[in-house]
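One letter stands for each residue in the lines below.
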Amino acid sequence: MKRRATHSSVGIVFCSVALAAAAPASPQETITLPGEDRWLEPRFEELYRVGSLSGADWEQFGSIRRVAFDEAGQLYVFDSQADYIFVIARGGELRRTIGGRGDGPGEFRNPDGLAVMRDGRLAILDTGYPGYHLFNADGEYERRVRLLPGPGRMMHMDYLPYPGGDAVVSAVGSLPLVIRFYDGADDKSHTCRPVERLILTGDVVTRDTVAEGWLPPGGEPVTSGERSGKVFGPRMLLGVLPDGSVAFSDSSAYAIRIARPGTGVWRVLRRPLRPIPVTNRMIDAEKNRQLARLDKSEGSMHPTLIRMGRERVAKLEFFEEVSILREMKTGWSGEIWVQRRGEEPLDDEGPIDVVTMDGRYLGSFRVGTIQLPSAFGPDGLVAFIEMDELGVNTVVVKRLPETLK
C-alpha cells in the first residue's frame, strides 16, 4: 500500500482557521526522552471511596461525567444524570451540593462539563443556553457567560481550567463531545484543530487561539461514535500546566507539544518510539470486527440500521500509521501522563508514561497495573472513576507514590 508523508515524519504543520489569529511562529526546543521503558511500581495509598448503592443517598451516583480537585484537596463529583455537583471534603464526607435541574439562578438545563479552578471557583458548561455558569469558592452562583457559535462548523469539546481562574481551555477534536454549533457552512471549513483559551471575564465568551493542531488530510475535527476521523488516526489530546502552558498531542508519533498564549509551540517532547504502518491485514481485520458486531445486533436492530452500518464499514477510511498516544492528563505539579496504545492497533489500554514539561522521563506503569487517573490534586491526591459489578459508579481517591508527588 502506497503511503504518503504524515505528521509523524514532517513535523508540525501550521494551518489557518477562521476562529482567531494564530500566534506568531517561535523557535521550538526539541527534547528527546529515553526510548527504553523504566517501570514504576503502582504503590498508591487508598484514602477513601464514595459511590455505593449501600451508601448515603447522595453518593448513589447515576453517571459521573467528571471529577476534579481544588487546592484544599476537596473533591468535586459531577453527576450528569442527577445534574448535581457534589463537593466532598478530604475525609470523604459531603460538604455541599451545587446545581439541580431548572431555569433559576444556579440551576442547569443541560450541564455537560465541569472545570474546577484551584481556588474552588467553578465553571459549568450548559448546552441548554448555551453558556457557562460561574460559581464562587463557596458554591454560590455568580453569573452566566454566553457562548456564541463561531464561523463555519464549530465543535466544542471537553474543557480544562486555566490557571488564574478567568478562562478554560479546549480544543476542536478533543474527547468527549460537549457542544456543537452549525451555521450551514460546509462541514470541511476547518483545516486544523485549534487549541483555544475561552476567556470568561465578560458577558460573552471570547476566544484566544493558543496553538493550531494538525488535522490529517481528509480527517474530521469531531467526535462521532467510536472514532473520529480516519481509523487508526491521531487524536487531539490536551492538558493544561500550572504555569499556563498547554500540552497537546496531535500526531501519530510520540510527540508532546507545549504551547503558551501569545507564543505558540515552544517545546516538543519526543520519545524514539515509532508508529507502526497500517497494513491490508489490519484493515481487513478491523472491517471484519465491525461487521461481526453488526451480525450480533441482528434481531435487536432495525434492518435499515444494519444495512446502513454495513455501508459505513465498506466506506471506512484508514490512516497510514497506528497512532502511539491514546490519552493524556496533566498532574497538579505539571507532570504529563500519557497512555500509549496496547498490543492491538485499536487497544487503548497500553503502558502509561509520566514525563515532565522540562523534559524528564520519570518512568512508566506496565499494562494493567493502574488506569490513568481521572483527576489530580494537591499533596499527591489522585481520583479514579470505577464501576462495580452492578454498574454503579465509584470514585476512589488515592495518594501518589512519593517519587511522583
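The structure we're discussing is the one just above.
Residues numbered from 1 in each chain as written. Predicted model: local features only at pLDDT ≥ 70, side-chain atom pairs only at ≥ 80, totals over all residues. Heavy atoms only, no water.

Caption draft 1: The arrangement of helix α2 (residues 280-297) in detail. Between the first and last C-alpha of α2 there are 26 Å, a value that for 18 residues agrees with the 26 Å anticipated at 1.5 Å per step. Among the residues of α2, M282, I283, E286, Q290, L294 and S297 are the ones counted as buried. All buried residues of α2 lie within an arc of 115 degrees about the axis, which places them on one face of the element. For α2, exposure combined with an orientation more than 90 degrees from the buried face picks out R281 and K296. Those residues of α2 that are buried lie in contact with β21 (276-277), α3 (303-314) and β22 (321-322). Where α2 terminates, the next one or two residues include G299, which has phi positive at roughly 100 degrees. (Helix = DSSP H or I, 4+ residues; strand = E, 2+ residues; numbered from the N terminus. Expected span 1.5 Å × (residues − 1). Buried < 20%, exposed > 50% of the residue type's maximum accessible area, 1.4 Å probe, protein only. Arc of directions from axis to C-beta. Contact = heavy atoms within 4.5 Å.)

Caption draft 2: Representation of α3 within the structure. An ideal rise of 1.5 Å per residue puts 16 Å on 12 residues; α3 measures up with 17 Å between its terminal C-alpha atoms. When we look at burial in α3, the residues that qualify are I306, G309 and V313. Each buried residue of α3 sits inside an arc of 60 degrees when the element is viewed along its axis, so together they form one side. Those residues of α3 that are buried lie in contact with α2.

Caption draft 3: The packing of aromatic side chains, seen in detail. By the definition in use, this model includes 13 aromatic pairs. Considering the side-chain rings of F61 and F86, the 5.7 Å spacing of their centres and the 55 degrees angle between planes classify their relative orientation as tilted. Here F61 is found in the loop between β2 (45-50) and β3 (64-69), whereas its partner F86 is found in strand β5 (residues 84-88), with 25 residues between them in sequence. Overall, the relative accessible area of 5% leaves F61 in the buried class. Relative accessible area serves as the criterion here: at 6%, F86 is assigned to the buried category. For the ring pair F232 and F318, a centre distance of 5.7 Å and an interplane angle of 45 degrees mean the geometry is tilted. Taken as a pair, F232 in the loop between β16 (206-214) and β17 (237-240) and F318 in the loop between α3 and β22 lie far apart in primary sequence, 86 residues in all. (Phe/Tyr/Trp six-rings, centres within 6.5 Å; stacked < 30°, edge-to-face > 60°.)

Caption draft 4: Representation of unusual backbone geometry. With an omega of -10 degrees, the peptide bond running from Y129 to P130 counts as cis. The topology assignment puts P130 in the loop between β8 (122-126) and β9 (131-135). Positive phi values are uncommon outside glycine, yet F232 reaches one of about 75 degrees. Residue F232 is classed as buried on the basis of its relative accessible area, which comes to 7%. Positive phi outside glycine occurs at D379, with the angle close to 60 degrees. Among the secondary structure elements, D379 is positioned in the loop between β27 (375-376) and β28 (381-387).

Caption draft 5: Quick peek at the sheet that holds β5. Read across the open sheet, the 4 strands follow the order β3-β4-β5-β6; overall the sheet is antiparallel. The open sheet is flanked by β3 and β6 (94-99), the only strands paired with a single partner. Strand-to-strand, the axes of this sheet are offset by a mean angle of 20 degrees, without reference to chain direction. Examined bridge by bridge, strand β4 (residues 75-79) and β5 share 5 bridges and lie antiparallel to one another. By the bridge assignment for β5, V77 is matched with F86. (Pairing = 2+ DSSP bridges. Axes fitted to C-alpha atoms, helices over the stretch in contact; angles between N-to-C directions.)

Caption draft 6: Region of interest: the environment of D208. Along the chain, D208 turns up in strand β16. Beyond its immediate stretch of four places on either side in the chain, D208 contacts V195, E196, R197, I199 and P261.

Caption draft 7: Region of the structure containing the sheet that holds strand β26 (residues 361-365). Strands sit in the order β23-β24-β25-β26 across an open sheet of 4 strands; the sheet is antiparallel. Two strands close off the open sheet at either side, each with one partner strand: β23 (325-330) and β26. Averaged over all pairs of adjacent strands, the angle between their axes in this sheet comes to 20 degrees, without regard to strand direction. Looking at chain direction, strand β25 (residues 352-356) and β26 are connected through 4 bridges and run antiparallel. Within β26, the position partnered with D353 by the bridge is S364.

Caption draft 8: Broad picture of the pattern of salt bridges. For the structure shown, the criterion picks out 22 salt bridges. Ionic pairing is found between D379 and R90, a salt bridge with its closest N-O pair at 3.2 Å. With D379 in the loop between β27 and β28 and R90 in the loop between β5 and β6, the pair connects residues that are 289 residues apart, well separated along the chain. A salt bridge links R257 to D250, with the shortest nitrogen-to-oxygen separation between them at 3.0 Å. By sharing partners, the salt bridges in this structure join D37, R271, R340 and D353 into a single network. (Salt bridge = Lys/Arg side-chain N within 4 Å of Asp/Glu carboxyl O.)

Caption draft 9: Main features of the pairing of strand β18 (residues 246-249). Going residue by residue along β18, you find V246 and F248 tucked away on one face and A247 and S249 tucked away on the opposite face as well. Examined bridge by bridge, β17 and β18 share 4 bridges and lie antiparallel to one another. Counted as the bridge partner of G239 is A247 from β18. Between the antiparallel neighbours β17 and β18 lie 5 residues, among them G244 with a positive phi of about 95 degrees. Judged from the 3 bridges that link them, β18 and strand β19 (residues 255-260) form a sheet pairing that is antiparallel. When the bridges of β19 are listed, V246 appears paired with A259. In this structure, the hairpin formed by β18 and β19 is closed by a connection of 5 residues.

That is the geometry; function is a separate question.
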